[in-house]
Amino acid sequence: MKALFRFLIIMMGLVVIFSCKDEAPTNTNTDKVVPKFTKEGILSLRTASSDSIIKILDIEIADNEYETQTGLMYRTSLATNQGMLFVFPDEQMRNFYMKNTKLPLDIIYINAAKEIVSIQKDAKPFDETSLPSEAPAKYVLEVYAGLTEEWQLKKGDKIVYDVF
């Protein structure tokens with residue numbers, strides 16, 4: 001009987017020890033963890049006139065509420081061959097802003113037919129000014145600032161993308 005009692009006491013002690021969670025470490029650093037780029041697909045930008053390829057990009061997809069709200073916030077780098085494609089369930093007027101975004105960006109608004117309807121060039125980091133589309137958009141592509149000018153991208157140009 002003493003052996004059984006001792007066994008039960010030991011087991012209860014082990015249960016208590018292993019069921020206790022460690023306290024979360026206190027972190028005096030208020031900076032967010034910097035998300036890393038995750039290649040989820042490939043997107044090609046094409047001219048409206050001849051359908052020739054302007055540029056091919058590796059893309060990260062934002063297609064749920066959390067991802068579309070967060071976007072490229074807190075990122076510290078974005079290569080010239082990378083972008084984030086926001087995919088919305090419907091086509092409507094869109095507004096983006098640069099809250100908590102450390103990188104300057106070009107914001108490309110794209111309709112359901114995958115044609116560029118407007119471009120907001122050189123969006124300033126941390127600026128909370130609304131940057132609206134000029135026409136309804138189902139997709140939004142963010143790339144590093146200045147690239148739309150370098151690529152001579154314009155309204156009517158198109159996108160084609162594949163997701164892995």
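Placed above this text is the structure.
Keep in mind that what you see is a predicted model, and the values were worked out from it rather than measured.

Q: Just checking my understanding: could you explain the nonpolar core for this structure?
A: The tendency in soluble globular proteins is for nonpolar side chains to be buried side by side. Judged by nonpolar contacts, the single largest core of 19 residues is most densely connected at Leu-43, Leu-85 and Leu-141. Mapped onto this core, the elements with two or more residues apiece are strand S1 (41-46), strand S2 (53-62), strand S3 (82-92), strand S5 (105-110), strand S6 (116-123), strand S8 (137-144) and strand S9 (158-163). Setting aside chain neighbours within four positions, we find Leu-43 in contact with Lys-55, Ile-56, Leu-57, Ile-59, Leu-85, Leu-141, Ile-159, Val-160 and Tyr-161. Core analysis: the next-biggest nonpolar cluster, separate from the first, contains 17 residues, Leu-78, Met-84, Met-98 and Val-140 among them.

Q: Help me understand the packing of aromatic side chains, please; the structure alone is not making it clear to me.
A: Here a ring pair, both rings aromatic, is described through the centre-centre distance and the interplanar angle of the planes. As enumerated under the stated definition, the model contains five aromatic pairs in all. Considering the side-chain rings of Phe-86 and Phe-96, the 4.9 Å spacing of their centres and the 90 degrees angle between planes classify their relative orientation as edge-to-face. Here Phe-96 lies in strand S4 (residues 95-96) and Phe-86 lies in strand S3, a separation of 10 residues in the sequence. Phe-96 shares its class with Phe-86; the two are buried. Ring centres of Phe-88 and Phe-96 lie 6.4 Å apart, and the angle between their planes is 85 degrees; on these two criteria the pair is classed as edge-to-face. Pair check on accessibility: Phe-88 and Phe-96 agree, each one buried. Chaining the aromatic ring pairs together yields one cluster made of Phe-86, Phe-88, Phe-96 and Tyr-109.

Q: I keep staring at the pattern of salt bridges and nothing clicks. Help me out?
A: Pairing is possible between side chains of opposite charge, provided their charged atoms come close. Scanning the entire structure with this criterion turns up seven salt bridges. Notably, a salt bridge pairs Asp-122 with Lys-124, separated by 2.5 Å at the nearest N-O pair.

Q: Whenever I open this one, unusual backbone geometry confuses me. Can you help?
A: For residues that are not glycine, phi is negative in most cases, and the peptide bond is trans in most cases. At Asp-51, a position not held by glycine, the phi torsion is positive, near 65 degrees. Take Asp-51: it is sitting in the loop between S1 and S2. Relative accessible area serves as the criterion here: at 40%, Asp-51 is assigned to the partly exposed category. Residues other than glycine seldom take positive phi values, yet Phe-126 does so here, at roughly 65 degrees. Take Phe-126: it is sitting in the loop between S6 and strand S7 (131-132). The class for Phe-126 is partly exposed, based on a relative accessible area of 48%.

Rules used throughout
- Residues numbered from 1 in each chain as written.
- Predicted model: local features only at pLDDT ≥ 70, side-chain atom pairs only at ≥ 80, totals over all residues.
- Heavy atoms only, no water.
- Core = buried A, V, L, I, M, F, W, Y, C linked by side-chain atoms within 4.5 Å.
- Buried < 20%, exposed > 50% of the residue type's maximum accessible area, 1.4 Å probe, protein only.
- Helix = DSSP H or I, 4+ residues; strand = E, 2+ residues; numbered from the N terminus.
- Contact = heavy atoms within 4.5 Å.
- Phe/Tyr/Trp six-rings, centres within 6.5 Å; stacked < 30°, edge-to-face > 60°.
- Salt bridge = Lys/Arg side-chain N within 4 Å of Asp/Glu carboxyl O.

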